[in-house]
Amino acid sequence: ETTKGELAVGFEKLLRQLWGKPRRAIAPWAFKDLVAKFASGFDGYRQHDSMEFIEYLIDGLKEDVNRVKGKKLYVERADSNGRPDGVVALEAGNKFLLRNDSVVDDIFVGFLKSSTACPEPDCRHESVVFDPFLSVKVPLQSPQQLSETTFVVTVFPVANSLSAAMKLSVAVKKYGSVDLLIAAAAKAAGLQPEHCLLVELYQDRIYKFFEASDLLADVGPSDILVLYELRHPEAFQLSTVHRWGSGEVVKEGDLVETMLAFASNSQDSHELRRGVSGKVLSVDEDGDASIKFDGIHEPQWVFRDFLGNLKTDLNMDSDEKRLCPHDNKAPKRPLVPCSAKEYTLRELVDAFHPGYSLQDLRDYWRDSMKPTQEPEGPPPRSGVVVFFRDTSERLFGAPVVFDAPRQSSAQQLADAVSEELAERLGNDAPREWTLFKAYNIHRLAEADERLLPEDEDSNDDRWLREREYLVADWPEEAPEHVRQLLVAAAPQEPASNSDEEKDQSVDLVRCFGWLTEQEQLSEHDAVYCCKCKEHRQMFKKVDLWSVPPVLVLQLKRFAEDMRQRLSTPVNFPLEGLDLRQFCLSEAPAFPADGCVRAGQRVRIHGLESAAGQKLNGLEGVSRYLDSGSGRFCVQLAESDPSTEWKRMKPENLEALSKEAGPKVEALFDLSAVCKHIGDARFGHYVAYVRSTVDGKWRLFDDESVNEVPAEEVARQRVGAYVLFYVRRDIRPESWAS
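Residues numbered from 1 in each chain as written. Predicted model: local features only at pLDDT ≥ 70, side-chain atom pairs only at ≥ 80, totals over all residues. Heavy atoms only, no water.

Peer 1: Whenever I open this one, the overall build of the protein confuses me. Can you help?
Peer 2: When you go through the protein residue by residue, the secondary structure sums to 15 helices and 44 strands. Expected size for 737 residues packed as a compact globule is a radius of gyration near 27 Å; at 35 Å, the protein overshoots this value by more than 25%. Counting only C-alpha atoms and orienting by the principal axes, one finds that the protein spans roughly 110 × 65 × 60 Å. The long-range fraction of contacts in the protein, counting pairs at least 24 apart against all pairs at least 6 apart in sequence, stands at 66%. Within the structure as shown, the protein displays about 38400 Å² of accessible surface, and the carbon and sulfur contribution to it stands at 49%. (Helix = DSSP H or I, 4+ residues; strand = E, 2+ residues; numbered from the N terminus. Rg over C-alpha atoms; globule rule 2.2 N^0.38 Å. Contact = heavy atoms within 4.5 Å. Areas by Shrake-Rupley, 256 points an atom, 1.4 Å probe, with all protein chains shown as cover.)

Right under this line is the structure:
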């Protein structure tokens, strides 16, 4: 939107300061405040992307000096429908000028040719459109690299020594689900995907069990991924008792859990950690909820706008009853009144809260209480994870994962662990370990409840938890060869690819090759084919059609999710960036002999009415476009007052220039470099600029300005983020030839 000239005036004042005397460093606070006045995103001291600012500034300036006044016309982008490219491109240029006509457009606007082709053999419909650009976003990876993502996965085959672990690099489509990664890793390891379980490790513990439907977009490139082959992988699939609903709408009695850390809205506010359970006590007429959270004495208010930070346990509305175990044991302490009774989850919570924490009651109902109705199919099994702890109560090594019958005694579970560890560690491994039950996966190192208590019968059948977490440690230190085996098998965080990228530099011209390379859209990005009447994975291609006098290039260093910065070194020429092989036309963006715009001499033609035919052939000057009527106001004689100007449709005007102007060669010289120092979260910007006065390069770093050699500019291959190139035909004379 226009700033009614304020941005242009403010920028002009800044330029006068910069070029005025005495020459000194300028802190542009007034201009920054002016920008923030119209774009609140640039307010304050937050980190900002320099390209976003450049785009806002160029777009804002061109709107402020736009010769098209008033409400802009609605203009549809025209398809080629088999017409020659030159005709369609000229039509696109004229339509652009109906909404945008300024000196800024003349400097920065070029056109891209975008082609899509239907892949269906019986269709093959091709669509060609021409789109304007103020800057070109240049990829630093090939289309294949952009459409794929690579993960490092450590694979543990079933019933093998830990020494058989494999570390694989697996490439899959970016926008798929986790089942694609499981299938690819399993295939590379020679395993059956349906027998595999994928997990993420963090600080030597399992942070996440992946489900096949989870999105790959939520898996980070540095996540530690492990694929376990299992005899019964279904043992680790969550049953319906683990399912959650949205907390955006809650009701009295709901059981909720925080999905992230945030502060409550009570006057005496408390910081709510991630994973804290709570019970909704009441909901007022505004939708705000009063909730009693574990570990906080007073109920806390959570306003409606923050309820999305919660999830609700769907089992609170379930009629499923579960049977309390006969041994009267609850986690850590007995629930004596519960012995051999049946409860729904809501009944259990109502009966024993707040005497017991909501988290303990949920875990007890889910993991220790047996369903009153036997599930259909084969006997259920539990997933078992064994972690290893040293004498300083720190976890180490790779966890061992397997499964066991859900109905097992403690002794049977211990025997299953011994058998599994013997296969993993070797039959000669000392078995003096002690097993401890862990109830909180985030506090494994503190587990202190023995699996086999000395004063209890360990042969009674129990109902194991769906996922049983155990911690094994030795009386003293783990035997050295066992420790070495566990540590050697433990997956490590994937190495940063920055070191590899330092040795994999690319030329800027090659990046343009990737930009213009044909690619097929993924199923996720399929578009509608107007001929097939179906969504298709089209073949897509982008080409440069016309280039502007000043070409702004953004090197795409940041991933779409902004979590990663690419440190790929880019070799960019200071002189002679030759893009002629990628540019399909030598015509300017707005040819003088084909584009009608304000201030241009024109001839009237094509009018069919009796009065209009008298105007055909008359020449004049198009003064401005009246956006209200969509017509140009044409002054036929210099003496004609504005009241006598003729209002003509664009299609009834012909540009009088006999030539389109000189041919434009896509050959450029570097004018400036915006360099980013830092990572995707924060950083610092400096600029290298070549003077139009003396042709020398200077480094601008806050208030520091220093002359630098051209060689230093060329060395900014990793930091270069935005490049400004000047077309050779308008190269400053001070730069010499």
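Right, picking up where we left off after that structure.
Peer 1: What exactly am I supposed to notice about the side chain of Gln 635 here?
Peer 2: Topologically, Gln 635 is positioned in strand 37 (residues 631–635). A polar contact of 3.0 Å, which involves the side chain of Gln 635, links it to the backbone oxygen of Glu 638. If we ignore the near neighbours within four places in the chain, the residues touching Gln 635 are Gly 620, Val 621, Arg 623, Asp 640 and Trp 645. (Polar contact = N/O pair within 3.5 Å; in protein donor to acceptor, adjacent residues only side chain to side chain.)

Peer 1: Sorry if this is basic, but what is going on with a nonpolar patch on the surface here?
Peer 2: Taken together, the side chains of Leu 15, Leu 18, Trp 19 and Val 693 present a nonpolar region at the surface, about 400 Å² in accessible area. Inspection of the secondary structure puts Val 693 in the loop between strand 41 (683–690) and strand 42 (697–701). For Val 693, a relative accessible area of 59% corresponds to the exposed category. (Patch = residues over 30% accessible without salt bridge, like charges linked within 9 Å, V, L, I, M, F, W, Y side chains within 5 Å. Salt bridge = Lys/Arg side-chain N within 4 Å of Asp/Glu carboxyl O. Buried < 20%, exposed > 50% of the residue type's maximum accessible area, 1.4 Å probe, protein only.)

Peer 1: What is the right way to read unusual backbone geometry from this model?
Peer 2: Phi is mostly negative for residues that are not glycine, and the peptide bonds are mostly trans. His 353 connects to Pro 354 through a cis peptide bond whose omega is 15°. Within the fold, Pro 354 resides in the loop between helix 8 (345–352) and helix 9 (358–368). The backbone of Asn 81 sits at a positive phi, close to 50°, despite the residue not being glycine. If you trace the backbone, Asn 81 turns up in the loop between helix 3 (50–64) and helix 4 (85–97). The class of Asn 81 is exposed, set by a relative accessible area of 66%. Phi is positive for Lys 533, close to 65°, though the residue is something other than glycine. Mapped onto the secondary structure, Lys 533 falls in the loop between strand 29 (527–529) and strand 30 (534–536).

Peer 1: What exactly am I supposed to notice about the state of the cysteines here?
Peer 2: Two cysteines whose sulfur atoms are joined by a covalent bond form what is called a disulfide. Throughout the structure, instances matching the rule amount to zero disulfides. Left without a disulfide partner, Cys 529 is nearest to the cysteine sulfur of Cys 123, which lies 3.7 Å away. The class of Cys 529 is buried, set by a relative accessible area of 1%. Here Cys 633 stays unpaired: no disulfide links it, and the sulfur of Cys 595, its closest cysteine neighbor, is 19 Å away. Residue class for Cys 633 comes out buried when judged on its relative accessible area of 2%. (Disulfide = S-S within 2.5 Å.)

Peer 1: In this structure, what is going on with the pairing of strand 4 (residues 148–156)? I would like to understand it.
Peer 2: Two faces, one strand: in a regular strand the side chains alternate between the faces of the sheet. Across eight bridges, the pairing between strand 4 and strand 5 (residues 166–173) is antiparallel. The residue bridging Val 153 from the neighbouring strand is Leu 168, located in strand 5. Pairing geometry for strand 4 and strand 8 (residues 224–229), over four bridges, is parallel. Each bridged residue has a counterpart across the sheet, and for Phe 156 the counterpart in strand 8 is Tyr 228. (Pairing = 2+ DSSP bridges.)

Peer 1: Looking at this structure, how should I read the nonpolar core?
Peer 2: Within soluble globular proteins, side chains that are nonpolar tend to cluster in buried spots. Grouped together as the largest cluster of nonpolar side chains are 39 residues, with contacts concentrated most on Leu 508, Phe 512, Leu 553, Leu 723 and Tyr 725. Going through the elements one at a time, strand 3 (136–138), helix 13 (508–515), strand 31 (539–546), strand 32 (550–555), strand 40 (667–678), strand 41, strand 42 and strand 44 (720–727) are the ones with two or more residues in this core. When near neighbours in sequence (up to four residues on either side) are disregarded, Tyr 725 contacts Leu 508, Pro 549, Val 550, Leu 551, Leu 553, Phe 572, Pro 573, Leu 577, Phe 668, Asp 669, Leu 670 and Ser 671. Membership of the second largest hydrophobic core comes to 26 residues, among which are Val 199, Leu 230, Phe 236 and Leu 444. (Core = buried A, V, L, I, M, F, W, Y, C linked by side-chain atoms within 4.5 Å.)

Peer 1: Looking at this structure, I do not really get the pattern of salt bridges. What am I missing?
Peer 2: Scanning the entire structure with this criterion turns up 43 salt bridges. Here Lys 72 ties to Glu 63 by a salt bridge, and the two come within 2.7 Å at their closest N and O atoms. Residue classification places Glu 63 among the buried positions, given a relative accessible area of 16%. Sharing partners across several salt bridges, the network here consists of Glu 575, Asp 669, Arg 690, Arg 728 and Arg 731.

Peer 1: Even after reading the chapter, I still don't get the sheet that holds strand 37, so can you show me in this structure?
Peer 2: In any sheet, the strands associate via hydrogen bonds between backbone groups, in a parallel or an antiparallel arrangement. In spatial order, the strands read 38-37-36-35-39; together these five strands make up an open sheet with antiparallel pairing. Every interior strand has two partners, whereas the edge strands, strand 38 (646–648) and strand 39 (653–655), have only one. The average angle at which neighbouring strand axes cross in this sheet is 50°, direction not considered. (Axes fitted to C-alpha atoms, helices over the stretch in contact; angles between N-to-C directions.)

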